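Survey of secondary and tertiary structure
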Amino acid sequence: MNISFFLKPKVEVSYLTESCPVQKAIDDMLHSGFTAIPVVDAKGKYAGTITEGDFLRLVLHYPKETLGQLTVGQVELRIHHRSVSIDARMEDMVDLVTAQNFVPVVDGRGIFCGIVTRRDVITYLCKQVQS
């Protein structure tokens, strides 16, 4: 089945822009309760996923004054979370969701459309096995 049926559109998803100040991004992550958030560039293309681990490494290696000057786009992302095309199939998502809580979804131009969660993929696959 096409993943578009399970897509949480970007208007319903927390995401950050590369130009977002690091301190604001950390605050947003703390308040959201998420441990990872997609990042988009100025054109709306998926640029990666920033994790609490990325922020932790940043806080441990830079003085607080420097953090106020950095943007999300300047943060080194330790893990490259792959995105999938909007026309991908749920069955193709198994490998991705074993390594990440959600999978970013992009259109044919690489524009961030939203996410499919690990829970959605597992629920779908369980129903397939039971039927």
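Ranked by size, the top nonpolar core spans 15 residues in total, and within it Leu16, Val22, Ala25, Ile50, Phe55, Leu58 and Val72 carry the most contacts. If you list the elements that add at least two residues to this core, you get helix H1 (22-32), strand E3 (36-40) and helix H2 (52-61). When residues of this core are assigned to their parent elements, the largest contribution, 4 residues, is made by H1. Non-local contacts of leucine 58, meaning those with residues more than four positions away in its chain, are made with Val22, Leu67, Leu70 and Val75. Ranked by size, the runner-up nonpolar core spans 13 residues in total, among them Met90, Met93, Val105 and Val121.

Turning our attention to the sheet that holds strand E7 (residues 112-117). Across the sheet, which stays open at both edges, the 4 strands sit in the order E1-E7-E6-E5 with mixed pairing between neighbours. The strands lining the two open edges of the sheet, one partner per strand, are strand E1 (8-9) and strand E5 (84-85). Sheet topology note: the E1/E7 ladder contains 2 bridges and is antiparallel. The residue of E7 that forms the bridge with proline 9 is glycine 114. Where helix H5 (residues 118-130) meets the sheet, it contacts E1, strand E6 (102-106) and E7, and its direction lies at approximately 55° from that of E7.

By convention here, two paired aromatic rings are described through the distance between centres and the angle between planes. A full pass over the atoms with the stated rule returns 3 aromatic pairs. Between tyrosine 15 and phenylalanine 112 the ring centres are 5.6 Å apart and the planes differ by 55°, which places this aromatic pair in the tilted class. Here tyrosine 15, found in the loop between E1 and strand E2 (16-17), pairs with phenylalanine 112, found in strand E7; they are 97 residues apart in sequence, far enough to count as distant. Residue tyrosine 15 is classed as partly exposed on the basis of its relative accessible area, which comes to 34%. Residue class for phenylalanine 112 comes out buried when judged on its relative accessible area of 1%.

Our next topic: the packing of H1 against H2. With their axes 11 Å apart at the nearest point, H1 and H2 run at an angle of 135° to one another. Compared by their axis directions, H1 and H2 come out oblique. Regarding H1 and H2, the two cross each other, and that crossing is left-handed. Of H2, the residues touching H1 (which contributes Val22, Ala25, Ile26 and Met29) are Glu52, Phe55, Leu58 and Val59. When the residues that make up the contact of H1 with H2 are grouped by side-chain class, the tally is 7 nonpolar, no polar and 1 charged.

Inspection of the secondary structure assignment puts tyrosine 46 in strand E4 (residues 46-51). Setting aside residues no more than four positions away along its own chain, tyrosine 46 makes contact with Pro38, Val39, Val40, His81, Ser83, Pro104, Val106, Gly110 and Phe112. Side-chain polar atoms of tyrosine 46 contact the side chain of threonine 49, separated by 2.7 Å.

Rules used throughout
- Residues numbered from 1 in each chain as written.
- Predicted model: local features only at pLDDT ≥ 70, side-chain atom pairs only at ≥ 80, totals over all residues.
- Heavy atoms only, no water.
- Core = buried A, V, L, I, M, F, W, Y, C linked by side-chain atoms within 4.5 Å.
- Buried < 20%, exposed > 50% of the residue type's maximum accessible area, 1.4 Å probe, protein only.
- Helix = DSSP H or I, 4+ residues; strand = E, 2+ residues; numbered from the N terminus.
- Contact = heavy atoms within 4.5 Å.
- Pairing = 2+ DSSP bridges.
- Axes fitted to C-alpha atoms, helices over the stretch in contact; angles between N-to-C directions.
- Phe/Tyr/Trp six-rings, centres within 6.5 Å; stacked < 30°, edge-to-face > 60°.
- Parallel < 35°, antiparallel > 145°, perpendicular 65-115°, else oblique.
- Left-handed = near helix turned anticlockwise from the far one by under 90°.
- Nonpolar A, V, L, I, M, F, W, Y, C, P; charged D, E, K, R; others polar.
- Polar contact = N/O pair within 3.5 Å; in protein donor to acceptor, adjacent residues only side chain to side chain.

Everything listed here is a matter of geometry and, on its own, says nothing about what the molecule does.
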